Every structure is written in C-alpha cells, then in structure tokens.
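Residue-level listing of the chains:
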Amino acid sequence: MVNINVFSQILGLIDRDIFGRLVQQYQSDKHHKGINSWTHFVSMLFCHLSSADSVRDISNGLRSTTGNMSHMGISRTPSKSNLSYMNAHRDHGLFRDLYYKLLDHLWQHHPHKRTELRRLQRKVFLMDATIIPLCLSVFDWAKFRSAKGAVKLHTVLDYDGCMPSFVHITDGKQHESKIAKSMSFPKGCVVVVDRGYVDYAWMNVLDSTGCFFVTRAKSNMKYTLVKTVKGEELRAGGILEDQLVELGGLANQRYAGKKMRLVRVWDSTKNVEYEFLTNNFSWKPATVAALYKERWEIETFFKHLKQRLKVTSFVGTSENAVYI
C-alpha cells in the first residue's frame, strides 16, 4: 500500500492552476456531482503507486485513508461504479495535456543537470529495446515463444532528462537493428547502443550523416590494427589500449572501408575487460568509456517502467478505460 504522506507530497508537486485551466478547457467538471476531475486524477495516480489491480482496489484503498483526504485535496472517496463511469466517459486528453504541461513546468524550475559528461557539449541518445511479457491466452496476437506472449518496446532516451524521444512497440521477435535502420538522428549527436545494434552498414549511415556512435565490439569481430595511440591517460582510469583499426572481410565493405576506433577498458569492480567501438577520434578514451557507462540509464528507465506502470494489466472494461 502506498504511503499516504508520501503520496500527498507527490500531489503537492502538481500545479493546481495548470490543472484548473485544463479542466476549464475540457469542461470535465460539468455535471460532476461531487466527483470532480481532481478526484479522478488522484484515484488513477493512486492506482499506479499502490499497484492496484481493479477499481475496487482503488476505491477501498482510498476509503482506508479517511481523515487524510483533505491532504490529497479530495472531499469524498469515489466508489468503484464512480470510477468505472469516469474512465468510460471522461476525456483522457485532460491527463495527456497535464503530463506535457507539468513536464515543461517542472523542467523550467528543476532542470536536469548531467552528473557525468559535463564537458561533452553534444546531444546524447541512449537506444535499446526490452521485452514485455504478455499472457498468450489473452493476447493471442503477441506470440513470442511456443507458449509465451510478448511485445518488444524500442526506445530512444534523451540523456538530458532521461525522457523518451522515441518509442515504438513491435512483436517480440522483431530485431532491434531493423527498427534502428528506420530512424534518423540529428547531425552531431551521439548514439549509444549495446552489441545488439552492431550492424556495420547502419553504423556507416550514422557516420556518413555526421552522427557519432559508441557501442561494444562483438567478440568475433575481425579487424586489422592500424595504429596504437599512446598517452598519459592510458596509465589510469582502467584504460588498457586506444587503437585505430580497420574491419575485415564483409564488415569492411559494409562500413565503406573506413577506420574505426577501438578502446579497451578494464573494470576492476567486475574484473572484466570491455571493448568499445566509436567513430569519434578526438575524445579521450575515458570519455568513450563514460558514454557507454551512461547507457545504464535506459536500463533503469525500463526497470521503473515495468515495476511501476501497468504494462500488463487493465483497469476497467471500456476502450477509454484501458490503463496501460
């Protein structure tokens, strides 16, 4: 069960003036009969944070907070029939617009600051995909394995603020690199991906359009050493080698015969050696390693998404009441 004191503090971050203007715009409180839009919003937010599975759970959970309702800004607890009716008949556009306006408002007052890569004055995008399991008996269109259902969520996360700038859902069997080929990125940006995206033809497109990439090298990558870079930084920070390489065989043709940079790093915590590939030849090797390390932000994003959002269950029965 959600902590009501914490929940009240979260609600305190919502600008009621912004909310009120949207209510007027959508006329969502017309004929509300005591259960207004704010009560509806509080109820559905409570659903997320308390991991409620039904409108009954929402109603009973809020009813158990009697005496604390004033802290949440509501005067009465909605019944399950109230919630079902509101979900079926009220325009979801109010909450959609509230999200974007609050995002803009909070961004201006609490701008995200990079904890790493402060000196890198480029746009950084973190791209990855994750599998979302589904019940095959319910979602028969989402066949993933012989007895399992799933969809795959392809996401590009903007490192400044760690908010998604691109989201695409496919069937669970769709390979990440195929979706990557259909995308375009602004010139001068940095795209950070894992080994699942290593496609030399696509990496050549990124390089040809003025985009930089950072990824991990595949263990079976064939290449020829062109040059070894020596510097003071190689003695610290776990940097083992900084090399200029040329891919071999078909990979060389797909990358148009161009050179690539290979940075080897030793992780003393895990006792593992990592090999990073990039098409930028001016960054310090530690910057290349730091860029890939920040890729963990998108893994954290997926973790929060799966743990907190209702990605596999529904509240209500009508089309408008589907709560994902």
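Scroll up to find the structure this text is about.
Conventions used here
- Residues numbered from 1 in each chain as written.
- Predicted model: local features only at pLDDT ≥ 70, side-chain atom pairs only at ≥ 80, totals over all residues.
- Heavy atoms only, no water.
- Pairing = 2+ DSSP bridges.
- Helix = DSSP H or I, 4+ residues; strand = E, 2+ residues; numbered from the N terminus.
- Salt bridge = Lys/Arg side-chain N within 4 Å of Asp/Glu carboxyl O.
- Buried < 20%, exposed > 50% of the residue type's maximum accessible area, 1.4 Å probe, protein only.
- Patch = residues over 30% accessible without salt bridge, like charges linked within 9 Å, V, L, I, M, F, W, Y side chains within 5 Å.
- Areas by Shrake-Rupley, 256 points an atom, 1.4 Å probe, with all protein chains shown as cover.
- 1 Å grid on protein atoms, 1.4 Å probe; cavity = no way out; pocket = protein on both sides within 12 Å on 5 of 7 lines; lining within 4 Å.
- Points joined across faces, edges and corners; volume = space filled by probe spheres on them.
- Nonpolar A, V, L, I, M, F, W, Y, C, P; charged D, E, K, R; others polar.
- Contact = heavy atoms within 4.5 Å.
- Phe/Tyr/Trp six-rings, centres within 6.5 Å; stacked < 30°, edge-to-face > 60°.
- Lys NZ or Arg CZ within 6 Å of the ring centre and 35° of its normal.

Quick look at the pairing of strand S4 (residues 163–171)
- Here strand S3 (residues 148–158) pairs with S4 via 8 bridges, running antiparallel. Counted as the bridge partner of Thr155 is Val167 from S4.
- The hairpin turn running from S3 into S4, its antiparallel successor, is 4 residues long, and Gly161 in that turn takes a positive phi close to 105°.

Topic: the pattern of salt bridges
- Taken as a whole and assessed by the stated rule, the structure comprises 14 salt bridges.
- Measuring nitrogen to oxygen at the nearest pair gives 2.9 Å for the salt bridge that ties Asp158 to Lys123. With a gap of 35 residues between them, Asp158 in strand S3 and Lys123 in the loop between helix H7 (93–109) and strand S1 (124–134) connect regions that are remote in the sequence.
- With a relative accessible area of 14%, Asp158 lands in the buried category.
- Arg264 is the salt-bridge partner of Glu273, the closest N and O atoms lying 3.5 Å from each other.
- Its relative accessible area of 38% is what places Glu273 among the partly exposed residues.
- Judged by relative accessible area, Arg264 falls into the buried class, the value being 12%.
- Among the charged side chains, a salt-bridge network with shared partners connects Asp128, Asp194, Arg295 and Glu299.

Concerning a nonpolar patch on the surface
- Together, Tyr99, Tyr100, Leu103 and Trp107 make up a nonpolar patch on the protein surface, roughly 420 Å² of accessible area in all.
- Residue class for Tyr99 comes out partly exposed when judged on its relative accessible area of 42%.

Focus: the layout of surface pockets
- Approximately 920 Å³ is the volume found for the second largest pocket.
- In terms of lining residues, the second largest pocket is bounded by 26 residues, among which Ala286, Ala289, Ala290, Tyr292 and Lys293 are the most central.
- Put simply, the parts of the chain that give the lining of the second largest pocket at least two residues each are strand S9 (259–267), strand S10 (272–278) and helix H11 (285–293).
- It is H11 that provides the largest number of residues to the lining of the second largest pocket, a total of 6 residues.

Let's talk about empty space enclosed by the protein
- What the rule picks out here adds up to 1 cavity of 30 Å³ or more.
- The calculated volume of the largest cavity comes to roughly 30 Å³.
- Counting residues per element, the ones that place at least two in the lining of the largest cavity are S1, S3 and helix H8 (176–181).
- Of the residues forming the lining of the largest cavity, the biggest block, 3 residues, is contributed by H8.
- Residue composition of the lining of the largest cavity, grouped by class: 5 nonpolar, 2 polar and 2 charged.

Thoughts on the environment of Val214
- If you trace the backbone, Val214 turns up in strand S6 (residues 212–216).
- Among the residues examined, Val214 registers a relative accessible area of 0% and is labelled buried.
- Taking the C-alpha atoms as reference points, Val214 and Val191, separated by 23 residues in sequence, lie 6.4 Å from one another.
- Those residues in contact with Val214 that lie beyond four places of it in its chain are Val190, Val191, Val192, Val193, Leu277, Thr278, Trp283, Val288, Leu291 and Tyr292.

Let's talk about the packing of aromatic side chains
- Within the structure shown, the criterion is met by 13 aromatic pairs.
- Measuring from ring centre to ring centre gives 5.7 Å for Phe19 and Phe41, while their planes differ by 50°; the resulting arrangement is tilted. Remark: Phe41 occurs in helix H3 (residues 37–49) and Phe19 occurs in helix H2 (residues 16–26); sequence separation between them is 22 residues. Each member of the pair, Phe19 together with Phe41, is buried.
- The lysine or arginine in question, Arg16, covers the ring of Trp38, its NZ or CZ lying 3.8 Å from the ring centre.
- The aromatic ring of Phe144 is capped on one face by Arg145, whose charged end is 4.0 Å from the ring centroid.

Remember, this is a structural readout, not a statement about activity or role.
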